[in-house]
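# Structure assessment
Residue-level listing of the chains:
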Amino acid sequence: MEKSPLTTLCYIEKDGKYLMLHRVKKQKDVNKDKWIGIGGHFEKGESPEECLLREVREETGLTLTGFSFRGIVTFSAVGWPSEYMCLYTAECFEGTLTDCSEGTLEWVEKEALVSFSSEDHSASYQLWEGDRIFLKLLMEDAPFFSLKLSYDGDRLIEAVLNGAPMELLELRKEDGSLTGEVRERSMVHENGDLHGTSHVWIVRVSREGKFEILMQKRSANKDSYPGCYDISSAGHISAGCGYLDSALREMEEELGIQAEAEDLQEAFTHLGYAEAEFYGKTFKNAEISKVYVYGKPVEIQNLKLQREEVEGVCWMDYETLLSEVRTETEKGKPEKYCVFLDELEQLGMWLEENWNRNGR
């Protein structure tokens, strides 16, 4: 009989742990070797709650005496029919845990399910990447949510939370090559995963023959470095995108500059790491960046700023900027700027060697 597209999934809680099912007993199992919660497909005529109670009883031997409906998760995958999952958590239950025919049951620390090794960033438990997103929402006690997750094989290709697309980044090695792993942006910065970014420095030469840099002031509502002065234009490399495409897109979105590929000069590649705390959470930024320079005329009054990202822009003398960033870096705490000192130094050397002070 064809399975219902409706399913339930429950995370039973006890002492800071979730009861997890390690799917290792069935050879033909889309979840083979993955760790998941407790649940399954609706049977004919069942309500979500009836399905939930039955699946928990069948897979664990436990009887739920209290539970909470936390969200709806829509699954889409290439070559597979869509599924719609009712997501629950439960703290109240009775009975004795029994063996499960579909895998091994184990109580697992909640944080271990979304944490990664600090050395090689490997996961402690093999989960679907999208599961980490809704587990994080559950652990943060998010209000009832609707989450869409789309896959191509094991690769997460789309995540949409309450109708708003989430940013997915592809992890990279130190040589810039892709690992094939895709992760949601906020989790990348929680884990300190190496990812790609594009940096565009907009440069002009003053009447005195000195280099000036267009700096953007980040919005006060940004999740990191709010109100700080940043690179002229910068952005993450979304999964499936390239450095140059990202650089051109960010310039248009943040500043309203419609540049062409030939307008950007690729200067160098920068590998950087920074760690700071914002809103009570540690923010780890490990990035490998393609650094570009843009030298066509820019008039501040003609720019169309993306207000949710950019509060304002201004021209700064390069040597003054370098001195202030160096002083702030020596203090060890970002206050006014959020740029890498070594990148700014390298930019200055590149400009001296490659930039004609009377024009490009």
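What comes next is a walk through the structure. (Residues numbered from 1 in each chain as written. Predicted model: local features only at pLDDT ≥ 70, side-chain atom pairs only at ≥ 80, totals over all residues. Heavy atoms only, no water.)

When helices and strands are counted, the chain shows seven helices and 19 strands. Taking all 360 residues of the chain together, the buried fraction comes to 49%. With the model as given, the accessible surface of the chain reaches about 18,000 Å², and the carbon-plus-sulfur share is 46%. The chain carries 41 positive and 68 negative side-chain charges, and their two centres are separated by 1 Å. (Helix = DSSP H or I, 4+ residues; strand = E, 2+ residues; numbered from the N terminus. Buried < 20%, exposed > 50% of the residue type's maximum accessible area, 1.4 Å probe, protein only. Areas by Shrake-Rupley, 256 points an atom, 1.4 Å probe, with all protein chains shown as cover. Lys, Arg positive; Asp, Glu negative; His and termini not counted. Charge placed at Lys NZ, Arg CZ, Asp CG, Glu CD.)

Applying the stated criterion to the full structure yields 30 salt bridges. In this structure, Lys110 engages Glu13 in a salt bridge whose closest nitrogen and oxygen atoms are separated by 2.8 Å. Of this pair, Lys110 sits in helix H2 (residues 110–114) while Glu13 sits in strand S1 (residues 6–14), and the two are 97 residues apart along the sequence. In this structure Glu13 comes out as buried when scored by relative accessible area, which is 12%. Note that Glu129 is salt-bridged to Arg183, the shortest N-O span being 3.1 Å. In this pair, Glu129 sits in helix H3 (residues 129–139) while Arg183 sits in strand S12 (residues 178–184), placing the two residues 54 residues apart along the sequence. Assigned by exposure class, Glu129 and Arg183 land together as buried. (Salt bridge = Lys/Arg side-chain N within 4 Å of Asp/Glu carboxyl O.)

All right, on to the state of the cysteines then. By definition, a disulfide links the sulfur atoms of two cysteines through a covalent bond. For the coordinates displayed, the defined rule picks out zero disulfides. Sulfur of Cys92: no disulfide; nearest cysteine sulfur belongs to Cys10 and is 11 Å away. (Disulfide = S-S within 2.5 Å.)

Tracing the backbone shows Ser246 in helix H5 (residues 243–255). Judged by relative accessible area, which is 0%, Ser246 ranks as buried. Sequence-distant contacts of Ser246, defined by excluding residues within four places in its chain, comprise Ser198, Gly235, His236 and Ile237. (Contact = heavy atoms within 4.5 Å.)

So, about the packing of aromatic side chains. Applying the stated criterion across every chain yields a total of 13 aromatic pairs. Consider the rings of Phe278 and Phe283, whose centres lie 5.9 Å apart with planes at 80°: the pair is edge-to-face. Like Phe283, Phe278 is buried. Lying over the aromatic face of Trp128, Lys34 brings its terminal NZ or CZ to 4.3 Å of the ring centre. (Phe/Tyr/Trp six-rings, centres within 6.5 Å; stacked < 30°, edge-to-face > 60°. Lys NZ or Arg CZ within 6 Å of the ring centre and 35° of its normal.)

Take helix H6 (residues 318–331) next. If you check H6, its first and last C-alpha atoms are 20 Å apart, about what 14 residues at 1.5 Å a residue would give, namely 20 Å. Those residues of H6 that sit buried are Tyr318, Leu321, Leu322, Val325 and Glu328. Projected down its long axis, H6 shows its buried positions confined to an angular sector of 135°, all on one face. Facing away from the buried surface of H6 by more than 90 degrees, the exposed residues are Glu330 and Lys331. Of the surrounding elements, those touching the buried residues of H6 are strand S14 (211–218), strand S19 (310–317) and helix H7 (341–354). Two or three places before Glu319, at the opening of H6, Asp317 has a side-chain oxygen 3.3 Å from that residue's backbone nitrogen. (Expected span 1.5 Å × (residues − 1). Arc of directions from axis to C-beta. Polar contact = N/O pair within 3.5 Å; in protein donor to acceptor, adjacent residues only side chain to side chain.)

Remark: H6 packs on H7, axes separated minimally by 10 Å, with the N-to-C direction vectors making an angle of 155°. One finds that H6 runs roughly antiparallel with respect to H7. Taken as a pair, H6 and H7 cross one another with a handedness that is left-handed. Residues Tyr318, Leu321, Leu322, Val325, Arg326 and Thr329 of H6 form the contact with H7, whose own contacting residues are Leu341, Leu344, Glu345 and Gly348. When the residues that make up the contact of H6 with H7 are grouped by side-chain class, the tally is six nonpolar, two polar and two charged. (Axes fitted to C-alpha atoms, helices over the stretch in contact; angles between N-to-C directions. Parallel < 35°, antiparallel > 145°, perpendicular 65-115°, else oblique. Left-handed = near helix turned anticlockwise from the far one by under 90°. Nonpolar A, V, L, I, M, F, W, Y, C, P; charged D, E, K, R; others polar.)

The next point concerns the nonpolar core. Judged by nonpolar contacts, the single largest core of 31 residues is most densely connected at Tyr11, Leu87, Phe134, Leu135 and Leu149. Looking at this core, the elements with two or more residues in it are S1, strand S2 (17–22), strand S5 (63–77), strand S6 (80–94), H2, H3, strand S8 (145–152) and strand S9 (155–161). Among the elements that line this core, the one with the most residues is H3, at five residues. Excluding anything up to four places from it in sequence, Leu135 contacts Tyr11, Tyr18, Leu113, Val114 and Leu127. (Core = buried A, V, L, I, M, F, W, Y, C linked by side-chain atoms within 4.5 Å.)

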